[in-house]
Amino acid sequence: MANVSHTRGDMASHPDVSEMQARYARMLGGRDVALVDGPVFLLGLYCAVSPWILHYTTSQPALVPHNLIIGIAIGLLALGFTRAPERMYGLSWAMCALGVWMIVSPWIVGDSPDKGVILNNVIIGGLAVLLGIVCAATAARSTPKP
């Protein structure tokens, strides 16, 4: 049984230090993209609320639920990247697909979109594609080779 005295000492003397180091290394094995999770989440959040920020809820009513749903999907991908990176980084390409869809959606879902709506969705889509490629490339690089 481990010594549970109230004196604090160096962790190197802990009886389970090697097991804790191995577990920590396993947990962080796919965390090379940790700096991308936050921007992906913020991008999804902005995408979800952008119709209200840019005030096109009345001029483009079809794009309001569209951007909300796509924004939630991007945000959920970011949360999945954070929670279970080893399982989720294969879905980085799905984020790229969502980005491409965001770029073309003003003309497909919208009705005669104005320049602001087009620019908003193209920027969101471009950033989603870029962040998806970064996630996918980093995941491919950090995946152990057989």
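How each quantity is defined
Residues numbered from 1 in each chain as written. Predicted model: local features only at pLDDT ≥ 70, side-chain atom pairs only at ≥ 80, totals over all residues. Heavy atoms only, no water. Helix = DSSP H or I, 4+ residues; strand = E, 2+ residues; numbered from the N terminus. Buried < 20%, exposed > 50% of the residue type's maximum accessible area, 1.4 Å probe, protein only. Contact = heavy atoms within 4.5 Å. Expected span 1.5 Å × (residues − 1). Axes fitted to C-alpha atoms, helices over the stretch in contact; angles between N-to-C directions. Parallel < 35°, antiparallel > 145°, perpendicular 65-115°, else oblique. Left-handed = near helix turned anticlockwise from the far one by under 90°. Core = buried A, V, L, I, M, F, W, Y, C linked by side-chain atoms within 4.5 Å. Disulfide = S-S within 2.5 Å. Patch = residues over 30% accessible without salt bridge, like charges linked within 9 Å, V, L, I, M, F, W, Y side chains within 5 Å. Areas by Shrake-Rupley, 256 points an atom, 1.4 Å probe, with all protein chains shown as cover. Salt bridge = Lys/Arg side-chain N within 4 Å of Asp/Glu carboxyl O. Bend = angle between axes of the 7 residues up to and from the residue.

Caption draft 1: Quick peek at the side chain of serine 92. Within the secondary structure, serine 92 sits in helix 5 (residues 92-108). Judged by its relative accessible area of 0%, serine 92 is buried. Apart from the residues within four sequence positions on either side, serine 92 is in contact with Phe81, Gly132, Cys135 and Ala136.

Caption draft 2: Fine view of the environment of leucine 98. With respect to the helices, strands and loops of the structure, leucine 98 is situated in helix 5. Aside from chain neighbours lying at most four places away, what touches leucine 98 is Ile70, Ala73, Ile74 and Leu77.

Caption draft 3: Quick peek at helix 3 (residues 63-83). An ideal rise of 1.5 Å per residue puts 30 Å on 21 residues; helix 3 measures up with 30 Å between its terminal C-alpha atoms. Along helix 3, the positions that sit buried rather than exposed are Leu63, Val64, His66, Asn67, Ile70, Gly71, Ile74, Gly75, Leu77, Ala78, Gly80 and Phe81.

Caption draft 4: Seen up close, the packing of helix 3 against helix 5. Two elements in contact, helix 3 and helix 5, have axes separated by 11 Å at closest approach and are oriented at 165°. Comparing the axis directions of helix 3 and helix 5 gives the class roughly antiparallel. As for how helix 3 packs across helix 5, the hand of that crossing is left-handed. Contacts between helix 3 and helix 5 pair Leu63, His66, Asn67, Ile70, Ala73, Ile74, Leu77 and Phe81 from the former with Ser92, Met95, Leu98, Trp101, Met102, Ser105 and Pro106 from the latter.

Caption draft 5: Highlighting the nonpolar core. If you look at the biggest cluster of nonpolar residues, it comprises 18 residues, and the most contacted ones within it are Val40, Ile74, Phe81 and Met95. Counting only elements with at least two residues in this core, the list comes to helix 2 (34-53), helix 3, helix 5 and helix 6 (115-142). A per-element tally of this core places helix 3 first, with five residues. Apart from residues lying up to four places away in sequence, methionine 95 is in contact with Val40, Ile74, Leu77, Phe81, Ala128, Leu131, Gly132 and Cys135.

Caption draft 6: Up close: unusual backbone geometry. The residue histidine 55 is not glycine, and still its phi comes out positive at about 60°. Backbone geometry places serine 112, a non-glycine residue, at a positive phi of 50°. As for its position among the elements, serine 112 is in the loop between helix 5 and helix 6. Overall, the relative accessible area of 65% leaves serine 112 in the exposed class.

Caption draft 7: Examining the state of the cysteines more closely. Within the structure shown, the criterion is met by zero disulfides. Here cysteine 96 is not disulfide-linked; the sulfur of cysteine 135 is the nearest cysteine sulfur, at 8.4 Å.

Caption draft 8: Broad picture of a nonpolar patch on the surface. A cluster of nonpolar side chains, namely Phe41, Leu42, Leu45, Val49, Trp52, Ile53, Leu54, Leu68, Ile72, Leu76 and Leu79, defines an oily patch on the protein surface of about 980 Å² accessible area. Contributions of two or more residues to the nonpolar patch are made by helix 2 and helix 3. Considering every element that reaches the nonpolar patch, the biggest residue donor is helix 2, with six residues. For isoleucine 72, the location among the structural elements is in helix 3.

Caption draft 9: Region of interest: helix 5. In a regular helix each residue adds 1.5 Å, so 17 residues correspond to 24 Å; helix 5 covers 24 Å between its end C-alpha atoms and thus fits that length. Taken as a whole, helix 5 carries its principal kink of about 35° at methionine 102; the proline proline 106 stands between one and four residues after it.

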